[in-house]
Amino acid sequence: MAVIVSLGKVELPHLTLPRIPTMTTKPTMSLAELAEKGADTDLLREMIQFVAQRMMEMDAESLCAAAYGERSPDRANSRNGYRERLWETRSGSVDLKIPKLRKGSYFPGFLEPRRTAEKALAAVIQEAYIQGVSTRSVDELVKAMGMSGISKSQVSRLCTEIDERVHAFLDRPIEGDWPYLWIDATYVKVREAGRIVSVAVIIAIAVNTDGVREVLGMSVGPSEAEPFWTNFLRSLTRRGLRGVKLVISDAHEGLKAAAAKVLKSTWQRCRVHFIRNALAHAGKGQRQMVLAMINTVFAQDTQEAAIAQWRTVADQLRAKFPKLSGLMDKSETDVLSFLSFPKAHRTQIHSTNPLERLNAEIKRRTDVVGIFPNEAAITRLVGALLLEQNDEWQLQRRYMQLEGLQALSDNQLARLSAVVN
C-alpha cells in the first residue's frame, strides 16, 4: 500500500486515518508499530492520522524554529497546547490535534475550511426535501449528494448538532470597543403559512480597537423597517456592543434612524451604492463623464475640500441632470461622513465592500436551496457560513491599521491611565 504525501495534502487510496498520538506519545513512533495493530481498515485510518499529525508537528516546529520542549536560542515561538478537530475523509472521520502557538495562529492547509457550512447546507436541503418544498433542481442535488434515503430522525440529529454551534456563536458576548460597524441585508425565499415570501437576512460585521474584524450577528425578518433594525441593534448592545462611531450601510432609512437612536453613532452611506444610484439619473452615453466628475470629490485630501468640490459638481450638473443634483444635495453629509475619520481607515470605511464578498458566498449557498422550509433553516445555513468565515478571519492578519483606532475608543483615558500607572 502506498502512502502519498504532498504539500498540503495527504492521500491514501480509499481510506482515512486513525487515532493520533498525543503530546505524551513519542513522535518517532514508527509505521512498523502501527502495522502490528492489524491489517484492517482501522490500521489505514491510523496511518493517515499518523502522517497528518506528524506533518502538523513538523510544521509547528518549523514555525517555532525549535522542537517541542527544546531549549534553543533560535526559538521564535512557543507551543500552547492543542485544539481538537474532526477531519472528514473518504475513509471516515479522523481525530486530529492541531498545535496552538503562543504568538499568532496556525492552521494546516490540508484541512477543509468549509466542513461545517457544507454540513449545514446538507441539513437544510435534507429538511426541505423531507417536507416536500424543494424545487426540482434541489431534488436533483439531493439525489446527486446521495441523500435520497435519509430519515426525519437523522435530519433532526444533524440539525440539532449544527443549531447548538450556530446559536452559541450568534449569542456569544461581545467584548471591547467596536468603532466601525458594517451592516447589509440580502433577501431569500422561505415558505410561510403555505405561501412563498421574501425575507431579509441582515448581517453585521465590525472592527475592534485592535484592528480585528469579526462577524457580530445576523437576524431574519419580514422587512427592513426601522423597528426591525432597532430590535437587531438592541440585541447587539444587550450582548455587549459598545463604542460604535460609524455605521456603514446602503441607503436604509430605517437603519439610519435606528443607528442614531440605539448607538448614537454617525451613519456612512455606501459610496459604491450611491454612485450606482446617481448614474441611474444620467443617460448611458453620459455616465462615464458624470462618474469622472463625482470621483473628483473623492480625490480631495481634506474633508473641507471634498465638501466644496461636491457642491461644485452638483451645481455643474444641475442644469442637465436636475434629479442627480437633487440626490447629491440630499446625500452630501451621509456620503462624506467617512472623511471625518482617520485617513488610514478611509479606503475600508467608505463602502460596504468588506461585506460584499461574504454576501456573495451567502447568495451562492442560499440559491442552491432555492426555497427554505422555515426561518430556522435560514439561520442554520447562513449562521454556519458566518461562523466559519469568522474563524478564517481570526487566522488572518490584522484587518485594519492600529493608527487612529485607539483614539476612537471610549476607554482611551482609562487605557492611558493604566499605562501611566
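For the structure itself, look to the data block above.
Small disclaimer: the values here were computed from a predicted structure and weren't measured.

Parameters at a glance
Residues numbered from 1 in each chain as written. Predicted model: local features only at pLDDT ≥ 70, side-chain atom pairs only at ≥ 80, totals over all residues. Heavy atoms only, no water. Axes fitted to C-alpha atoms, helices over the stretch in contact; angles between N-to-C directions. Helix = DSSP H or I, 4+ residues; strand = E, 2+ residues; numbered from the N terminus. Parallel < 35°, antiparallel > 145°, perpendicular 65-115°, else oblique. Contact = heavy atoms within 4.5 Å. Nonpolar A, V, L, I, M, F, W, Y, C, P; charged D, E, K, R; others polar. Buried < 20%, exposed > 50% of the residue type's maximum accessible area, 1.4 Å probe, protein only. Pairing = 2+ DSSP bridges. Phe/Tyr/Trp six-rings, centres within 6.5 Å; stacked < 30°, edge-to-face > 60°. Expected span 1.5 Å × (residues − 1). Lys, Arg positive; Asp, Glu negative; His and termini not counted. Salt bridge = Lys/Arg side-chain N within 4 Å of Asp/Glu carboxyl O. Polar contact = N/O pair within 3.5 Å; in protein donor to acceptor, adjacent residues only side chain to side chain. Left-handed = near helix turned anticlockwise from the far one by under 90°.

Asker: Please clarify how the packing of helix H8 (residues 271-279) against helix H11 (residues 322-335) should be interpreted in this entry.
Answerer: Any two packed helices are characterised by the angle at which their axes cross and by the distance between the axes. At a closest axis distance of 11 Å, the pairing of H8 and H11 adopts a crossing angle of 170 degrees. Here H8 is positioned roughly antiparallel relative to H11, judged by the angle of their axes. Only Leu324, Leu327, Met328, Ser331 and Val335 of H11 make contact with H8, whose side of the interface consists of Arg271, Phe274, Asn277 and Ala278. The class makeup of the residues in the contact of H8 with H11 is six nonpolar, two polar and one charged.

Asker: Help me out: how do you make sense of the pairing of strand S6 (residues 195-207) in this one?
Answerer: A regular strand places its side chains so that they alternate between the two faces of the sheet. Counting buried positions over the 13 residues of S6 gives 10, a clear majority of the element. In the sheet, strand S5 (residues 180-192) pairs with S6 via 13 bridges, with the strands oriented antiparallel. Among the inter-strand pairings, Asp184 is bridged to a residue of S6, identified as Ile203. Between S5 and the antiparallel strand that follows it, S6, lie two residues; Ala193 among them carries a positive phi value of about 50 degrees.

Asker: Explain the packing of aromatic side chains to me, please; I cannot follow it from the model alone.
Answerer: Aromatic ring pairs are reported here in terms of the distance separating the ring centres and the angle at which the planes meet. Under the counting rule described, the total for this entry stands at five aromatic pairs. Pairing Trp182 with Tyr399 gives two aromatic rings, centres 6.4 Å apart and planes at 80 degrees, and the pair type is edge-to-face. Residue Trp182 is located in strand S5, and its partner Tyr399 is located in the loop between helix H14 (375-394) and helix H15 (412-420); the two are separated by 217 residues in the primary sequence. Taking relative accessible area as the criterion, Trp182 reaches 0% and is therefore assigned buried.

Asker: Which parts of the structure should I look at to understand unusual backbone geometry?
Answerer: Phi is positive for Ala65, close to 60 degrees, though the residue is something other than glycine. Positive phi, close to 50 degrees, is recorded for Ala193, a residue that is not glycine. Tracing the backbone shows Ala193 in the loop between S5 and S6. Taking the relative accessible area as the measure of exposure, Ala193 reaches 79% and is therefore exposed.

Asker: Help me understand helix H6 (residues 226-238) in this model?
Answerer: Note on helix geometry: an α-helix contains 3.6 residues per turn, so any two residues three or four positions apart are oriented the same way. With 13 residues, H6 extends 18 Å between its outermost C-alpha atoms, agreeing within 8% with the 18 Å of an ideal straight helix rising 1.5 Å per residue. Every buried residue belonging to H6 is among Phe228, Trp229, Thr230, Phe232, Leu233 and Leu236, and all of these are buried. The secondary structure elements touched by the buried residues of H6 are S5, S6, strand S7 (213-221) and helix H7 (253-263). One or two steps after H6, the chain reaches Gly240, where phi turns positive at roughly 120 degrees.

Asker: Which parts of the structure should I look at to understand the side chain of Asp184?
Answerer: The residue Asp184 is located in strand S5 in this model. Despite its burial, Asp184 pairs with no opposite charge; the closest candidate is Arg276, at 8.6 Å N-O. A polar contact of 3.1 Å, which involves the side chain of Asp184, links it to the side chain of Asn359.

Asker: In this structure, what is going on with the packing of H6 against H7? I would like to understand it.
Answerer: Closest axis-to-axis distance for the H6/H7 pair is 8 Å, and the angle between their directions is 35 degrees. The interaxial crossing formed by H6 with H7 has right-handed handedness. Where H6 approaches H7, its residues Glu226, Trp229, Thr230, Leu233, Arg234 and Thr237 are matched on the opposing element by Gly254, Leu255, Ala257, Ala258, Ala259, Lys261, Val262 and Leu263. Its residues placed into classes, the contact of H6 with H7 shows eight nonpolar, three polar and three charged.

Asker: What am I meant to see in the pattern of salt bridges here?
Answerer: All told, the structure shown has 13 salt bridges when counted by the stated rule. One salt bridge in this structure joins Asp329 and Arg318, with 2.8 Å as the shortest N-O distance. On the criterion of sequence distance, the pair formed by Asp329 in helix H11 and Arg318 in helix H10 (residues 303-318) is long-range, its members being 11 residues apart. By relative accessible area, which is 32% here, Arg318 ends up partly exposed. A salt bridge links Asp367 to Lys363, with the shortest nitrogen-to-oxygen separation between them at 4.0 Å. Here Asp367 and its partner Lys363 are both found in helix H13 (residues 353-369), four residues apart, which amounts to about one turn of the helix. With relative accessibility at 52%, the residue Asp367 sits in the exposed group.

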